[in-house]
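Architecture at a glance
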Amino acid sequence: MIFYSKSLILSAALTLLAFHPRLGAEPATFATRVAPVLEKNCTGCHGKDKQKGSLRLDTFAHVMRGSDDRVVVKAKDFAASELHRRITLPASDEDVMPSDGKPLLSSADILLLEKWIAAGAPATEPFDAPALALTPITSSAAPDYRPRLAAATALAKKLGIRLVPRSIVPTDGLILRTASAPTQCNDAVLAQLAPFADLIVEAELARTTITDAGLVSLALCPNLQILDLTQTAVTAQGLGALHPLKNLVVLNLTNTAANQATAASLKKLPSLHHLWLFGTPADPVSAKPAAAKAK
Amino acid sequence: MASPHPLQPDLCSDHGGEHPTIWDLPNIPLGLKQEWLNLETRRHFLGRGAKALAWAGLASILGRSLPRALANESSSTPLLPHFAPKAKRAIYLFMAGAPSQFETWDYKPGLSSMFNQDLPESVRGGQQLTGMTASQTRFPVAPSFYKFAQHGQAGRWCSELFPYTAKVSDELCVIKSLHTEAINHEPAILSITTGNMFPGKPSVGAWLSYGLGAINDELPTFVVMISKMPIQVNVQALSNRLWSSGFLSPEHAAVALRSGSNPVLHLKDPPGVDRSVRRAMIDGVNDLNHQLFDRVGDPEINARISQYEMAFRMQTSVPELTDFSNEPSSTWDLYGPKAKEPGTFAYNCLMARRLAERGVRFSQVFLRSWDQHNNLPTNIKILAEDSDRPTQGLIADLKRRGMLDDTLVIWGGEFGRTVYSQGTLKPQDYGRDHHPRCFSMWLAGGGVKPGISYGETDDFSYNIAKDPVHIRDLHATLLHQFGFDHERLTHKFQGLEQKLTGVLPARVIRDILL
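Since the model is a prediction, treat every value here as computed from it, not as a measurement.

The next point concerns the overall build of chain B. For chain B, the count of helices and strands is twelve helices and 17 strands. Put simply, chain B has 514 residues, and 57% of those count as buried. Restricting to contacts in chain B with at least 6 residues of sequence separation, those with at least 24 account for 77%. Surface summary for chain B: the accessible area is close to 20,400 Å², and the carbon and sulfur share equals 54%.

This next bit is on the overall build of chain A. The secondary structure content of chain A amounts to ten helices and six strands. Only carbon and sulfur atoms are counted for the fraction: they give 60% of the accessible area of chain A, which is about 13,400 Å².

Moving on to the domain arrangement of chain A. Along its sequence, chain A is organised into domain 1 (25–131) and domain 2 (146–292). The gap between the C-alpha centroids of domain 1 of chain A and domain 2 of chain A is 37 Å.

Okay, the environment of B:I192 next. Residues and elements named next belong to chain B. Looking at the element boundaries, I192 is found in helix 5 (residues 185–194). Spatially, the C-alpha atom of I192 lies 21 Å from that of T391, the residues being 199 residues apart in sequence. Beyond its immediate stretch of four places on either side in the chain, I192 contacts Y92, F94, V204, G413, E414, F439, M441, I471 and H475.

On the chain B side, the residues contacting the 37 residues of chain A number 34 residues. Summing both sides of the interface, chain A and chain B together bury roughly 3,000 Å²; the carbon and sulfur share of this comes to 57%. The interface formed by chain A and chain B includes four salt bridges. The residue B:K88 makes a salt bridge to A:E204 at a minimum N-O spacing of 2.6 Å. Listed by contribution, the elements that provide at least two residues to the side of chain A that touches chain B are helix 5 (107–118), strand 1 (162–165), strand 3 (200–204) and strand 6 (274–276) of chain A. Element by element, the count of residues in the side of chain A that touches chain B is highest for helix 5 of chain A, at three residues.

Attention now goes to the environment of B:L292. Inspection of the secondary structure puts B:L292 in helix 7 (residues 275–296). Sequence separation between B:L292 and B:P390 is 98 residues, and the spatial gap between their C-alpha atoms is 48 Å.

We now examine the packing of aromatic side chains. How two aromatic rings sit relative to each other is set out by the distance from centre to centre and by the angle between their planes. All names here are of chain B. For the structure shown, the criterion picks out 21 aromatic pairs over all chains. Taken together, a centroid distance of 5.6 Å and an interplanar angle of 5 degrees make the contact between W105 and F162 stacked. One end of the pair, W105, is in the loop between strand 1 (89–95) and helix 4 (121–124); the other, F162, is in the loop between strand 3 (156–159) and strand 4 (172–179), and 57 residues separate them in sequence. Overall, the relative accessible area of 3% leaves W105 in the buried class. According to the relative accessible area criterion, F162 is buried, its value standing at 3%.

Attention now goes to the pairing of strand 3 of chain A. Residue and element names in this part refer to chain A. Of all the five residues making up strand 3, five are buried; the element is thus mostly covered by neighbouring parts of the structure. Two elements, strand 2 (residues 174–177) and strand 3, share three bridges in a ladder whose sense is parallel. Following the sheet pairing, I175 is matched in strand 3 by E202. In this fold, the crossover linking strand 2 to strand 3 by way of helix 7 (residues 187–192) has right-handed handedness.

A word on the nonpolar core. Residue and element names in this part refer to chain B. Counting 57 residues, the largest nonpolar core has L93, V409 and W442 as the members making the most contacts within it. Ranked by residue count, the leading element in this core is helix 10 (residues 345–357), at nine residues. The contact partners of L93, leaving out residues within four places of it in the chain, are F345, C349, V365, T391, L394, V409, I410, W411 and G412. Core analysis: the next-biggest nonpolar cluster, separate from the first, contains 49 residues, I189, W207, F222 and L242 among them.

Here the focus is the state of the cysteines. All names here are of chain B. The final tally for this structure, using the stated rule, is zero disulfides over all chains. Here C158 stays free of any disulfide, with the sulfur of C173 as its closest cysteine sulfur at 13 Å. Here C438 stays free of any disulfide, with the sulfur of C173 as its closest cysteine sulfur at 17 Å. Taking relative accessible area as the criterion, C438 reaches 0% and is therefore assigned buried.

Tallying each qualifying case throughout the model produces 35 salt bridges over all chains. Residue B:D467 is joined to B:K466 by a salt bridge in which the shortest nitrogen-to-oxygen separation is 3.9 Å. By relative accessible area, B:D467 is classed as partly exposed at 27%. On the basis of relative accessible area, B:K466 is assigned to the partly exposed category, the value being 43%. Taken together, the shared-partner salt bridges connect A:R207, B:E320, B:E327, B:R353, B:R354, B:E357, B:R358, B:D397, B:R400 and B:R401 into one network.

Quick look at the sheet that holds strand 3 of chain A now. All names here are of chain A. Here six strands make up an open sheet; going across it, the order is 1-2-3-4-5-6 and the pairing mixed. Bordering the open sheet on either side are strand 1 and strand 6, each of which pairs with just one other strand. Each adjacent strand pair in this sheet contributes to an overall mean axis angle of 15 degrees, direction not counted. Of the strand pairs in this sheet, strand 4 (residues 226–228) and strand 5 (residues 250–252) are connected by three bridges, and their pairing is parallel. Across the sheet, the residue bridging to L227 is L251, located in strand 5. Packed onto the sheet, helix 6 (residues 146–159) meets strand 1 and strand 2 and runs at close to 150 degrees relative to strand 1.

What follows is about the confidence of the model for chain A. All names here are of chain A. When the pLDDT values of chain A are averaged, the result is 84; 83% of them are 70 or greater. Here helix 1 (residues 12–19) stands out as the element of chain A with the lowest mean pLDDT, 32, in contrast to strand 4, whose mean of 98 is the highest. Note that residues 1–25 has pLDDT below 50 and, in this model, 54 contacts with residues that lie over four places away or in other chains. A low-confidence stretch, residues 285–295 (pLDDT under 50), is modelled with ten contacts involving residues beyond four sequence positions or located in other chains.

What follows concerns helix 12 (residues 471–481) of chain B. Because each turn of an α-helix spans 3.6 residues, side chains separated by three or four positions end up pointing in the same direction. All names here are of chain B. Counted residue by residue, helix 12 has eleven buried out of eleven residues, so it is predominantly covered. Those residues of helix 12 that fall on the buried side of the exposure criterion are I471, R472, D473, L474, H475, A476, T477, L478, L479, H480 and Q481. Those residues of helix 12 that are buried are in contact with strand 4, helix 5, helix 6 (204–212), strand 8 (407–412), strand 11 (439–444) and strand 15 (469–470).

Residues and elements named next belong to chain B. Here helix 10 is 13 residues long and its end C-alpha atoms lie 18 Å apart, about the 18 Å a rise of 1.5 Å per residue gives. Counted residue by residue, helix 10 has 13 buried out of 13 residues, so it is predominantly covered. With its phi angle positive at about 95 degrees, G359 sits one or two positions after the end of helix 10.

In this section: the packing of helix 10 of chain B against helix 11 (residues 376–400) of chain B. Residues and elements named next belong to chain B. Interhelical geometry of helix 10 versus helix 11 gives an angle of 15 degrees and a closest axis separation of 8 Å. It follows that helix 10 is roughly parallel to helix 11 by the angle criterion. Between helix 10 and helix 11 lies a crossing of right-handed hand. Residue-level contacts link F345, A346, C349 and R353 of helix 10 to D386, S387, P390, T391, L394, D397 and L398 of helix 11.

The rules behind these values
- Each chain carries its own residue numbering, running from 1 in the written order of its sequence.
- Think of it this way: whatever chain is written first is A, whatever ligand is written first is 1, and the rest follow in order.
- Restriction of local features to residues with pLDDT of at least 70 applies here, the model being predicted, together with a cutoff of 80 or more for giving and counting side-chain atom pairs; totals for whole chains, interfaces and linings are based on all residues.
- Only hydrogens and water are set aside; all other atoms, that is, all heavy atoms of the structure, feed into the side-chain values.
- Counting from the N terminus, the helices are DSSP H or I runs at least four residues long and the strands are E runs at least two residues long.
- For every residue, the accessible area obtained with a 1.4 Å probe (protein chains only) is divided by the maximum for its type, and the residue is called buried under 20%, exposed over 50%, and partly exposed between those limits.
- We call two residues in contact when some of their heavy atoms are within 4.5 Å.
- Residue-level accessible areas treat just the shown protein chains as cover; the underlying method is Shrake-Rupley with a 1.4 Å probe.
- As used throughout, domain bounds are those supplied by an automatic or database domain assignment.
- Accessible surface is computed with a 1.4 Å probe, and the buried area is the amount of it that two parts give up when combined, taken over both parts together.
- Whenever a carboxyl oxygen of Asp or Glu lies within 4 Å of a side-chain nitrogen of Lys or Arg, that contact is scored as a salt bridge.
- Any two of the Phe, Tyr and Trp rings considered here, Trp counted by its six-membered ring, make a pair once their centres fall within 6.5 Å; the pair's planes then place it as stacked at under 30 degrees, edge-to-face at over 60, or tilted in between.
- When DSSP finds two or more bridges between a pair of strands, those strands are recorded as paired.
- By convention a crossover is right-handed if, when the strands point away from the viewer, the path from the first strand over the helix to the second runs clockwise.
- We call a set of buried residues a nonpolar core when its members are Ala, Val, Leu, Ile, Met, Phe, Trp, Tyr or Cys and they connect through side-chain atoms within 4.5 Å of each other.
- Disulfides are defined in this document as cysteine sulfur pairs within 2.5 Å.
- The axes are straight lines fitted to the C-alpha atoms, using for helices just the contacting stretch, and the angles between their N-to-C directions are given from 0 to 180°.
- Residue-level confidence of the predictor, termed pLDDT, takes values from 0 up to 100.
- Helix span, as expected, comes to 1.5 Å for every residue beyond the first.
- Oblique is the label for every angle not falling under 35 degrees (roughly parallel), over 145 degrees (roughly antiparallel), or within 65 to 115 degrees (roughly perpendicular).
- Each crossing gets its hand from how the near helix is turned against the far one by less than a right angle, where anticlockwise is left-handed and clockwise is right-handed.

Okay, structure coming up:
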């Protein structure tokens, strides 16, 4: 195969585990998988401090007790569980949970809760939970873009690039977009983005004129998750500058000079899941051992 | 003029000498002002003289900033996704005419022993048939002429018609339980491309353009390509009602690339006209259009201006796009030699990849002639041979370039076909009638789980046995991958919050999502 990816479907599970010792190490239980979802999305209103709708969701016992009015989890039957109904309503429904326009649960989280209830809502026993998503690009932890969005947009316009929010969620970060005029985006342009470095979660730099000096600017984007360097003049050594990118999940080096040594060292990036090397000196050689390992 | 509000012609001192706009009028709810302005522009557009005059009067009272305020509210400004999208772009391989599910993705091994037996009455359950087969005295079961074998790590049963696609079977999510209402091509194609069987609604690609805006301003956000057919049997006409922007601003409609050496008509400057002359001409026309806009404030004028600009920009972006000379030789190994011939399905698949690379949001490639009422075994093979290799090529190419994760590829037609033969039934020769109650499609990439199947049909692929997926659900799922809650991607028109999924319930098929 002439491409290399950590996500090669089912076979990838093994590689993935080797790559990410912390994923999938523990069995799925209420404590390891369900409680974190409730804590992230619900306990702000249904916990020790606030009990909206007379409901607490911060311990197993409270979840199973339900509200003053009803039991909200009916073991084995998620379709009949009030908790499930509330999280699967359309965003426009006034009963939807989380309420107040807070981001809704992801499909993966909903599926997880379904599997847990279907398994009889066990307190401590493991249940058959869906594997953690292979592409863990979740909402980023970028700071709120709202106070700086106007300034970022204006600067981008001046530089002939764009900085656009990934979504209306203010912590989803900004995408650096260059496709309208890729040749206008060079190292000097990247250097000027420093005031907004922490907001950039994705950089679309394919076919731009950036070089190794630009990588040094990119390394200052602590929340960068997706980086596309397809067909740029970056060098094998220069790519070493990306090592500070602890949150980088996807790195596309298609048609660059990346070699085997670059690939080997970049694979050590703690969050990296996909490294694309098509059309590079690293390509045929590095793909083979990976495929062999998967088999 | 029956204006519901007293208008204040005086200048406001706190606007630095600017005329007041309708937004400045006190005590009128914002929604009402908006509604009223929309109505007024609409009426102007419909050419009702008296109302247009009333409008002009209003505009002169309020000054030039009124149309500006209106323009901000037009559907040209892209919105933002409601949550972080998984997919950035989509490529829709549209198999027009409706390929049979029996020979493609809904393997029914049980049928081989039932050749020429009558379809049990209990299966049909008295459901209505089309006019084309309703008069048949018998409904004899026609098993697939083509054999199936298991492929990939997931062991999916793939038809021998698709030896290449079978190689990327582990990338696909096959949905076998699609269903639709329409029983004839025109309403069915409209339903699946626009969410409604009546013409005039925006196409899926137009909704995406409206919601997301362009990645690359030098190219359209939505492109359609109609492929040369290897055979021409029962060919349906395709026209821009399938890729129109409906009530959304016209720039969200697709640009249809033509097959042949001149993909966009009239794009080349005629001999003797150079680029600066063309620029001057466009500037002149734009100036006139700006003047007209300032006078009447119809947002469609702005759309016209942006279309001239787009055409001008495409004069430089399209030649680069259609120049395949820098493709590596591995490209031709993947898509096959036909990809060098403009207008073929193979060429269009490669073009779709190039468009995706350059940031085009939605490319829809049509391949027609799947409407096989007779001679099905012969004709389906010709179409499969034409499309199988480039389809696999496209998936493999996106994958190796790291683009499959955020490009959603969709393959399918507008409905399914009947288990019983239309016309004479021989083992190697039969036909199949239209069947909207179940059909198969596949999705790949774009955050959809690879290597799975979803939904099941009964032993005759006549009724859905498990997990039905209405085409509305498909639309809701598609929008979801682009970061939109389909309930909230709306546009106000005719007093309604219009949306792709319409008014009936639709659900995101979460089980197929990563």
